[in-house]
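# Summary of the model geometry
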Amino acid sequence: MRALRFVAALMLLALVVAPPVSAQGFLGRLKDKAKDKIDQHSDNAAQAVVDKADNAIVCAATDQQCIAKAKAEGKPVQVTDASGHPMTGSDSAAAVNGVSGESADPPGKGIWLNYDFVPGDRTIWTEDFSEDQVGDFPSRMQLVDGNFEVVTVNGHNWLHTQDGGWVVVVLPEKLPQRFTFEVDYWTVNGMGNPLSFETTYNGDGATWGCYHDNVWVDGGAGGGKSNKDVADPAANTSGIVTCRYTVDGKYIKGYMSGQRLANVPNANVIRGDSLIIHIPGVAAPAQVLVSNFRIAEGGKPLYQALMASGRVSTHGILFGSGSDQIQGESTPTLKQIGTMLQQHPDLKVLIEGHTDNQGAAAGNQTLSEKRAAAVKAYLVANYGVAAARLTTKGYGETKPVATNDTPEGRQDNRRVELVKM
């Protein structure tokens, strides 16, 4: 029932703040005339409609008093990060469970114990629809078939559909031999068709995708197939899940909820410069939302890269927005660093924290310092690395490696770097 109330609110929101993307003539002119008013009120309208329909208490992940109060009253909790963005299902559950003394699944614990997904180092394409107007079709996608519009839920933009359809992304370059792919997905239990991705129209290439509780890979012509449900599908009957994939040569691995669920070693991966996305439809009143896409090139082994250039950048150490608390998904990258330091006891490194230019410069500087210190503390506590071998420094937004004028550039600028000393 909660899922139905939530998606019904989204459908109402789409009707209130945005006519369909195919609207022309009078409706199109009316939309243009009302554009400024829509822009001003869409965030508040989305928040109010969704909160009312969902009957949930909205709490920041760090506000344990708010979470505890909601649980005591028997009300559902909508957990957000520091910027008000809804958190993924696993992170939300961790925040709620942590209040009651149950495992909050920090890095290396609980569901993250055997997790091995490491995101690519260099962002090729990323999209969170933050630069699109509510009600519009995304500016960096091409419509093939269907009805889609950008909506705002709890302060974050999503691509929304009920009917489903196909969209295409033209990438700035051909996909490399090794890359990773990530996307946040909101749907409901019982969805008949999956969210799916492919890189060619000819039907021979590999495809991959996910349901609300399942990840799958089809290797295409000459390739194998693999899929598996999450261990506890009831945990993901509603809410956001993150679907992740590693593609290395012909090898594709798929992940969800801290688990590796698909594993195809002989996929026919056709590496072009297009990503073809099928977003499923669903019967009313349910809806489908997707956001936070990221495709990134995989890097060299950590120690090899560090020795080659004296420094290595990683995007696998993740923090909540505006927070220095390390998220559980960081487990594989922290393990790589910790193991490297154990295997090379003479190695000393400087841990640098960097941010993009969003927000106040002073706040970014402080945040980068705290994040670098948090990484050092974790390595000392969990891998027995002598504190004297690790130095930390925060640079805030002062040393970008890419432009802050594009989503891809900002993504690359938010990083932790290791420098050989």
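Because the structure is a prediction, the values reported are computed rather than measured.

Moving on: the pattern of salt bridges. Counted by the stated rule, this structure contains 15 salt bridges. With a shortest N-O distance of 2.6 Å, Arg414 and Asp356 are connected by a salt bridge. With a gap of 58 residues between them, Arg414 in the loop between helix H9 (407-413) and strand E21 (415-420) and Asp356 in the loop between strand E19 (349-354) and helix H8 (361-383) connect regions that are remote in the sequence. Classification of Arg414 by relative accessible area gives partly exposed; the value is 35%. The partner of Glu417 in a salt bridge is Arg415, with the nearest N and O atoms 2.7 Å apart. Like Arg415, Glu417 is buried. Here the salt bridges do not stand alone but share partners, grouping Glu182, Arg244, Arg294 and Glu329 into one network.

Taking 1.5 Å as the rise per residue, H8 with 23 residues should run 33 Å; its terminal C-alpha atoms sit 33 Å apart, in good agreement. For H8, the complete set of buried residues consists of Asn364, Leu367, Ser368, Arg371, Ala372, Ala374, Val375, Tyr378, Leu379 and Tyr383. Taken together, the buried residues of H8 touch helix H7 (331-343), E19 and strand E20 (390-396). Gly384, located one to two residues past H8, shows a positive phi value of around 65 degrees.

This next bit is on the environment of Gln133. Considering the arrangement of structural elements, one finds Gln133 in the loop between strand E3 (122-127) and strand E4 (142-146). The exposure class of Gln133 is partly exposed, given its relative accessible area of 29%. Gln133 sits 19 residues away from Thr152 along the chain, and the two C-alpha atoms are 9.5 Å apart.

On to the sheet that holds strand E18 (residues 311-314), then. Taken in spatial order, the four strands line up as E18-E21-E19-E20 in an open sheet, and their pairing is mixed. The sheet is open, and its two borders are formed by E18 and E20, each paired with just one other strand. On average, each strand axis in the sheet is inclined to that of its neighbour by 20 degrees, with strand direction left out of account. Pairing geometry for E18 and E21, over four bridges, is antiparallel. Note on E21: the bridge partner recorded for Arg311 is Val419. Along the sheet, H8 makes contact with E19 and E20, crossing E20 at roughly 160 degrees.

Time to look at the packing of aromatic side chains. Using the criterion set out here, one finds 13 aromatic pairs in the structure. Look at Tyr115 and Tyr255: their rings are 5.7 Å apart centre to centre, the planes differ by 80 degrees, and that puts the pair in the edge-to-face class. Taken as a pair, Tyr115 in the loop between helix H5 (89-99) and E3 and Tyr255 in strand E14 (residues 251-256) lie far apart in primary sequence, 140 residues in all. The class for Tyr115 is buried, based on a relative accessible area of 5%. Judged by its relative accessible area of 2%, Tyr255 is buried. Between Trp208 and Tyr245 the ring centres are 6.3 Å apart and the planes differ by 50 degrees, which places this aromatic pair in the tilted class. With Trp208 in strand E10 (residues 207-210) and Tyr245 in strand E13 (residues 240-248), the pair connects residues that are 37 residues apart, well separated along the chain.

So, about the nonpolar core. In terms of nonpolar packing, the biggest core is built from 44 residues, with Met141, Ile277 and Phe293 touching the most fellow members. If near-sequence neighbours (up to four positions away) are discounted, Phe293 is found in contact with Trp125, Thr126, Glu127, Phe129, Met141, Phe181, Glu182, Val183, Phe197 and Ile277. Ala305, Phe319, Ile326 and Leu334 belong to the second-largest nonpolar core, a separate cluster that totals 24 residues.

This part is about a nonpolar patch on the surface. Taken together, the side chains of Val144, Trp166 and Tyr201 make up a nonpolar region of the molecular surface, amounting to roughly 330 Å² of accessible area. By the secondary structure assignment, Tyr201 is in the loop between strand E9 (195-198) and E10. Here Tyr201 falls in the exposed class, since its relative accessible area comes to 61%.

With that settled, the discussion passes to the environment of Cys66. Checked against the element boundaries, Cys66 lands in helix H4 (residues 64-72). Not counting chain neighbours up to four residues away, the residues in contact with Cys66 comprise Ile57, Val58 and Cys59.

Attention now moves to the sheet that holds E10. Hydrogen bonding along the main chain pairs the strands of a sheet, whether they run parallel or antiparallel. Read across the open sheet, the seven strands follow the order E4-E7-E16-E9-E10-E11-E12; overall the sheet is antiparallel. Of all the strands in the sheet, the pair left with one neighbour each is E4 and strand E12 (225-229). The sheet shows a mean angle of 15 degrees between the axes of neighbouring strands, direction not considered. Two elements, strand E11 (residues 214-218) and E12, share five bridges in a ladder whose sense is antiparallel. Note that in E12 the partner of Asp218 across the bridge is Lys225.

A word on H7. Compared with an ideal rise of 1.5 Å per residue, which puts 13 residues at 18 Å, H7 spans 18 Å between its outermost C-alpha atoms and is within 8% of the ideal. Listing the buried residues of H7 in full gives Thr331, Pro332, Thr333, Leu334, Ile337, Gly338, Met340 and Leu341. In this structure, the buried side of H7 is in contact with helix H6 (302-309), E18, E19, H8, E20 and E21.

As a further point, take unusual backbone geometry. Despite not being glycine, Ser257 has its phi angle at roughly 50 degrees, a positive value. Checked against the element boundaries, Ser257 lands in the loop between E14 and strand E15 (259-264). Residue Ser257 is classed as buried on the basis of its relative accessible area of 16%. One non-glycine residue, Asn292, adopts positive backbone phi at about 55 degrees. Its location among the elements puts Asn292 in strand E17 (residues 288-297). Given the relative accessible area of 28%, Asn292 is considered partly exposed.

About the criteria used
Residues numbered from 1 in each chain as written. Predicted model: local features only at pLDDT ≥ 70, side-chain atom pairs only at ≥ 80, totals over all residues. Heavy atoms only, no water. Salt bridge = Lys/Arg side-chain N within 4 Å of Asp/Glu carboxyl O. Helix = DSSP H or I, 4+ residues; strand = E, 2+ residues; numbered from the N terminus. Buried < 20%, exposed > 50% of the residue type's maximum accessible area, 1.4 Å probe, protein only. Expected span 1.5 Å × (residues − 1). Contact = heavy atoms within 4.5 Å. Pairing = 2+ DSSP bridges. Axes fitted to C-alpha atoms, helices over the stretch in contact; angles between N-to-C directions. Phe/Tyr/Trp six-rings, centres within 6.5 Å; stacked < 30°, edge-to-face > 60°. Core = buried A, V, L, I, M, F, W, Y, C linked by side-chain atoms within 4.5 Å. Patch = residues over 30% accessible without salt bridge, like charges linked within 9 Å, V, L, I, M, F, W, Y side chains within 5 Å. Areas by Shrake-Rupley, 256 points an atom, 1.4 Å probe, with all protein chains shown as cover.

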